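Chain by chain, the residues run as shown.
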Amino acid sequence: KPEDRSCKEHDDISEQIRNHHKQAFEYISVALKIDEDDKGPKEQAVQWYKKGIAELEKGIAIEVTGNGEKADKSRRLQDKMKTNLLMSKDRLDLLVTGAVPKKRET
Amino acid sequence: NTTTLTTPQSEVDLLMHEMADEAGLDLNMELPQGQTGSVVGASVASTEQDELSQRLARLRDQV
């Protein structure tokens with residue numbers, strides 16, 4: 001049955017995307033935890049952001065074909081991953097260039 | 001309440017689904033097992049991505 005087959009294929013694809021999401025979520029969560037602390041070691045946050053960004057890129061690169069609720073959900077998840085990819089990259093650039101505003105007066 | 005009575009069931013269903021979607025819930029209990037898992041999993045993932053966006057935005061707006 002062709003319908004079952006495409007459904008099964010989509011399950012695999014959506015699972016792959018979710019796996020990359022999960023990995024990215026864990027890495028970026030670690031980065032954020034460090035980054036949100038004023039005294040956190042920013043060079044460590046940089047490394048975690050980089051790992052997270054790589055996972056987001058992998059998840060976004062997966063092509064979602066077809067329509068239906070599940071394909072739409074996968075695409076919506078990818079859209080959110082794209083948003084976070086851009087935001088993480090912006091944050092990473094700030095940290096790398098040392099342009100992060102310091103709260104304390106020097 | 002006349003408003004409730006005159007609102008078509010299809011609109012109510014649609015609204016319920018939108019709300020459930022936003023809350024990361026899945027109302028469609030008739031989905032076979034295994035498919036349900038993947039749909040709920042996608043909603044959880046979606047919520048987690050939103051959380052990252054919020055935290056990244058907070059850092060960005062912090063001066």
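Note that the structure is predicted; figures quoted are calculated from it, not measured. (Residues numbered from 1 in each chain as written. Chains lettered and ligands numbered in written order. Predicted model: local features only at pLDDT ≥ 70, side-chain atom pairs only at ≥ 80, totals over all residues. Heavy atoms only, no water.)

## Some details on the overall build of chain A
- Regarding its fold elements, chain A presents 3 helices and 0 strands.
- Overall, chain A shows an N-to-C arrangement of helices and strands of α-α-α.
- The burial tally for chain A puts 41% of its 106 residues in the buried class.
- By element, 51% of the accessible surface of chain A is carried by carbon and sulfur atoms, the whole surface being about 6,600 Å². (Helix = DSSP H or I, 4+ residues; strand = E, 2+ residues; numbered from the N terminus. Buried < 20%, exposed > 50% of the residue type's maximum accessible area, 1.4 Å probe, protein only. Areas by Shrake-Rupley, 256 points an atom, 1.4 Å probe, with all protein chains shown as cover.)

## Focus on the pattern of salt bridges
- The final tally for this structure, using the stated rule, is 12 salt bridges over all chains.
- The salt bridge involving aspartate 35 of chain A is made with lysine 42 of chain A; its shortest N-O contact spans 2.8 Å.
- A relative accessible area of 2% places aspartate 35 of chain A in the buried class.
- Residue classification places lysine 42 of chain A among the partly exposed residues on the basis of a relative accessible area of 21%.
- Salt-bridge contacts for arginine 55 of chain B lead to glutamate 51 of chain B; the nearest nitrogen and oxygen are separated by 3.5 Å. Of this pair, arginine 55 of chain B and glutamate 51 of chain B both sit in helix 3 (residues 35–61), 4 residues apart, which is roughly one turn of that helix.
- For glutamate 51 of chain B, a relative accessible area of 34% corresponds to the partly exposed category.
- Here the residues in one salt-bridge network are Asp35, Lys42 and Arg91 of chain A, joined through shared partners. (Salt bridge = Lys/Arg side-chain N within 4 Å of Asp/Glu carboxyl O.)

## Brief notes about the side chain of glutamine 78 of chain A
All names here are of chain A.
- Mapped onto the elements of the fold, glutamine 78 is located in helix 3 (residues 69–97).
- Engagement of the side chain of glutamine 78 in a polar contact is seen with the backbone oxygen of isoleucine 60, the distance being 3.3 Å.
- Separated by 2.7 Å, the side chain of glutamine 78 and the backbone oxygen of isoleucine 62 make a polar contact.
- Ignoring sequence-local partners within four residues, the contact set of glutamine 78 consists of Ile17, Gly59, Ile60, Ile62 and Val64. (Polar contact = N/O pair within 3.5 Å; in protein donor to acceptor, adjacent residues only side chain to side chain. Contact = heavy atoms within 4.5 Å.)

## Describing the packing of helix 2 (residues 42–61) of chain A against helix 3 of chain A
All names here are of chain A.
- As a packed pair, helix 2 and helix 3 sit with axes 9 Å apart at the nearest point and diverge in direction by 150 degrees. Viewed along their axes, helix 2 and helix 3 adopt a mutual orientation that is roughly antiparallel. Remark: the crossing between helix 2 and helix 3 carries left-handed chirality. Across from Lys42, Ala45, Val46, Tyr49, Lys50, Ile53, Leu56, Glu57, Gly59 and Ile60 in helix 2, the residues of helix 3 making contact are Gln78, Met81, Lys82, Asn84, Leu85, Ser88, Lys89, Arg91, Leu92, Leu95 and Val96.
- Broken down by class, the residue content of the contact of helix 2 with helix 3 amounts to 11 nonpolar, 4 polar and 6 charged. (Axes fitted to C-alpha atoms, helices over the stretch in contact; angles between N-to-C directions. Parallel < 35°, antiparallel > 145°, perpendicular 65-115°, else oblique. Left-handed = near helix turned anticlockwise from the far one by under 90°. Nonpolar A, V, L, I, M, F, W, Y, C, P; charged D, E, K, R; others polar.)

## Some thoughts on helix 2 (residues 9–22) of chain B
Residue and element names in this part refer to chain B.
- When the terminal C-alpha atoms of helix 2 are compared, their 20 Å separation across 14 residues agrees well with the 20 Å that a helix rising 1.5 Å per residue should span.
- The element helix 2 is largely exposed, with a buried count of 1 among its 14 residues.
- Positioned one or two residues after helix 2, glycine 24 has a phi angle of 75 degrees, which is positive. (Expected span 1.5 Å × (residues − 1).)

## A word on the environment of lysine 89 of chain A
Residues and elements named next belong to chain A.
- Tracing the sequence through the fold places lysine 89 in helix 3.
- Taking the relative accessible area as the measure of exposure, lysine 89 reaches 34% and is therefore partly exposed.
- Between the C-alpha atoms of lysine 89 and isoleucine 53, which are 36 residues apart in sequence, the distance is 7.3 Å.
- When sequence neighbours within four positions are dropped, the list of residues in contact with lysine 89 reads Ile53 and Glu57.
- Polar side-chain contacts of lysine 89 include one of 3.2 Å to the side chain of glutamate 57.

## What about the nonpolar core?
- Core analysis: the biggest nonpolar cluster contains 28 residues, and Ile17, Ile28, Leu32, Tyr49, Leu56 and Met81 of chain A have the highest contact counts within it.
- Of all elements in the fold, only helix 1 (2–35), helix 2 and helix 3 of chain A together with helix 3 of chain B reach the threshold of two or more residues within this core.
- Counting residues per element, this core draws most heavily on helix 1 of chain A, which supplies 8 residues.
- Setting aside its immediate chain neighbours within four residues, tyrosine 49 of chain A contacts Ile28, Ala31, Leu32, Asp35, Ser88, Arg91, Leu92 and Leu95 of chain A together with Leu56 and Leu59 of chain B. (Core = buried A, V, L, I, M, F, W, Y, C linked by side-chain atoms within 4.5 Å.)

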